[in-house]
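Descriptive analysis of the structure
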Amino acid sequence: MNATANSFSIKAITTDFLEITKARLAVSVVFSSLAGFMLGVVDFHVSGWLILLKLAVGGYCMVGASNAFNQVIEKDLDALMDRTKNRPIPAGRMTSSTALMIAGLLTLTGIAILYTINPKTAMFGAISIFLYTSIYTPLKTMTPLSVFVGAFPGAIPFMLGWVAATGNFGIEAGTLFLIQFFWQFPHFWAIGWFLYDDYAKAGFFMLPSGKKDKSTALQIILYTIWLIIASLLPVLGYTGEFFISPISAVVIFVLGLWMLYYAIRLYKTRTAKAARTLMLVSVSYITLLQIVYIIDKFLR
């Protein structure tokens, strides 16, 4: 009986840790960092694998810390929404002080690990936590512009990998940042659309017009177009050491048209189903984009 209880306790603690750090989101963010690293690395020897491991662990710590801080700050609001009411803190499975301790430990551990890669990587990691928890999170109940602010820490992971690989922040890292920056808008506005009613319970109004209307849908289309343009910049030859072949540019353009199609469909139908589909397509787009970039580099 004690062995069963202990097993259940360990399982419950692990589950709550994964929830407080939003494991699935954290893993997807870490993937962006690893993709950026693969694009920036020149000679991939044993030391490269070690840096990759540090970036993965340190990156997860930083994202997990941001998510834990966020859930402490929004614990009362999370209790109002169906989507979040069963999270560890509002459900009563974890105290705010425990979550804060986890967030603090993850922050210190993450910064320390990223610092062993290089100081710039640690600095950008720390900036992302500060922007996400201290500016973006409080703004969510104040203004739809919170999505714009949140796009900055959200765009850091992709370029963080390049900085980890090279130790430099230049036009290459800036281009990776720009791509993921524009991606944030159609992605999170799509989420804000199909979760509109649930967000409204907590006073979150994430859509640019504040409503599920043509104005919001049009802005989603416009930012999707900006995303496509930013994604194709590396083929022009003006982004330093980061460039892609014309064939890869065609593939990326087709992926962009795929996402744009669903953005236009949302404009026409303005349904929650269309918004959810666009969200899923946007996740596929950014993942496939990064894979195409990596394949293009290593096939050249």
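Refer to the preceding data block for the structure.
Since this is a predicted model, take the numbers as computed values, not measurements.

Comments concerning the layout of surface pockets
Of the pockets and cavities examined, the second largest pocket occupies roughly 190 Å³. Along the wall of the second largest pocket there are 14 residues; nearest its centre are L39, W162, E241, F242 and K297. Those elements giving two or more residues to the lining of the second largest pocket turn out to be α2 (23–40), α7 (146–166) and α12 (272–299). Here the element with the most residues in the lining of the second largest pocket is α12; it accounts for three residues. In the lining of the second largest pocket, the residues fall into eight nonpolar, two polar and four charged.

Some details on the nonpolar core
Of all hydrophobic cores here, the largest spans 86 residues; its most connected members are L39, M159, I252, L278, Y285 and Y293. Sort the elements by how many residues they give to this core and helix α8 (residues 171–194) lands first, with 13 residues. Those residues in contact with Y293 that lie beyond four places of it in its chain are L39, F158, I179, S231, P234, F242, I244 and I252.

Let's talk about the packing of helix α11 (residues 246–269) against α12
Two numbers describe how α11 lies on α12: the axes approach to 10 Å, and their chain directions differ by 170 degrees. The pairing of α11 with α12 is recorded here as roughly antiparallel in orientation.

Side note on helix α6 (residues 119–139)
The end-to-end C-alpha separation of α6 is 29 Å, in line with the 30 Å expected for 21 residues at 1.5 Å each. At Y132, α6 shows its maximal bend, which comes to roughly 30 degrees. Those residues of α6 that sit buried are T121, A122, F124, G125, S128, I129, L131, Y132, T133, Y136, T137 and L139.

Observations concerning the environment of R87
With respect to the helices and strands, R87 occurs in the loop between α4 (75–78) and α5 (96–117). Excluding residues within four positions of it along the chain, R87 makes contact with E19, K22, Q71, D78 and R93.

A few points about the side chain of T216
Mapped onto the secondary structure, T216 falls in helix α10 (residues 214–232). Ignoring sequence-local partners within four residues, the contact set of T216 consists of W193, L207, P208, S209 and K211.

Observations concerning the pattern of salt bridges
A full pass over the atoms with the stated rule returns seven salt bridges. Ionic pairing is found between R93 and D16, a salt bridge with its closest N-O pair at 2.9 Å. Here D16 lies in helix α1 (residues 2–20) and R93 lies in the loop between α4 and α5, a separation of 77 residues in the sequence. R93 serves as the salt-bridge partner of E19, at 3.3 Å between the closest nitrogen and oxygen. Taken together, the residues E19 in helix α1 and R93 in the loop between α4 and α5 connect sequence positions 74 residues apart. Overlapping salt bridges bring together D82, K85, D198 and K201 as one network.

As for a nonpolar patch on the surface
A cluster of nonpolar side chains, namely F31, W258, L288, I291, I295 and L299, defines an oily patch on the protein surface of about 530 Å² accessible area. Residue contributions to the nonpolar patch peak at four residues, all from α12. Locating L288 in the fold gives a position in helix α12. On the basis of relative accessibility, which here comes to 35%, the residue L288 falls in the partly exposed class.

Here we look at the packing of aromatic side chains
Scanning the entire structure with this criterion turns up 20 aromatic pairs. Summarising the aromatic geometry, the rings of F182 and W226 are spaced 6.0 Å apart at their centres and angled 20 degrees between planes, so their arrangement reads as stacked. Residue F182 is located in helix α8, and its partner W226 is located in helix α10; the two are separated by 44 residues in the primary sequence. We classify F182 as buried; its relative accessible area is 15%. Ring-pair connections join several aromatic residues into one group, and the members of that group are F148, F152, F177, F181, F182, F185, W189, Y223 and W226. Across the ring face of F204, the terminal group of K140 is positioned such that the distance to the ring centre comes to 4.7 Å.

About the criteria used
- Residues numbered from 1 in each chain as written.
- Predicted model: local features only at pLDDT ≥ 70, side-chain atom pairs only at ≥ 80, totals over all residues.
- Heavy atoms only, no water.
- 1 Å grid on protein atoms, 1.4 Å probe; cavity = no way out; pocket = protein on both sides within 12 Å on 5 of 7 lines; lining within 4 Å.
- Points joined across faces, edges and corners; volume = space filled by probe spheres on them.
- Helix = DSSP H or I, 4+ residues; strand = E, 2+ residues; numbered from the N terminus.
- Nonpolar A, V, L, I, M, F, W, Y, C, P; charged D, E, K, R; others polar.
- Core = buried A, V, L, I, M, F, W, Y, C linked by side-chain atoms within 4.5 Å.
- Buried < 20%, exposed > 50% of the residue type's maximum accessible area, 1.4 Å probe, protein only.
- Contact = heavy atoms within 4.5 Å.
- Axes fitted to C-alpha atoms, helices over the stretch in contact; angles between N-to-C directions.
- Parallel < 35°, antiparallel > 145°, perpendicular 65-115°, else oblique.
- Expected span 1.5 Å × (residues − 1).
- Bend = angle between axes of the 7 residues up to and from the residue.
- Salt bridge = Lys/Arg side-chain N within 4 Å of Asp/Glu carboxyl O.
- Patch = residues over 30% accessible without salt bridge, like charges linked within 9 Å, V, L, I, M, F, W, Y side chains within 5 Å.
- Areas by Shrake-Rupley, 256 points an atom, 1.4 Å probe, with all protein chains shown as cover.
- Phe/Tyr/Trp six-rings, centres within 6.5 Å; stacked < 30°, edge-to-face > 60°.
- Lys NZ or Arg CZ within 6 Å of the ring centre and 35° of its normal.

Function cannot be read off these values alone, since they describe shape.
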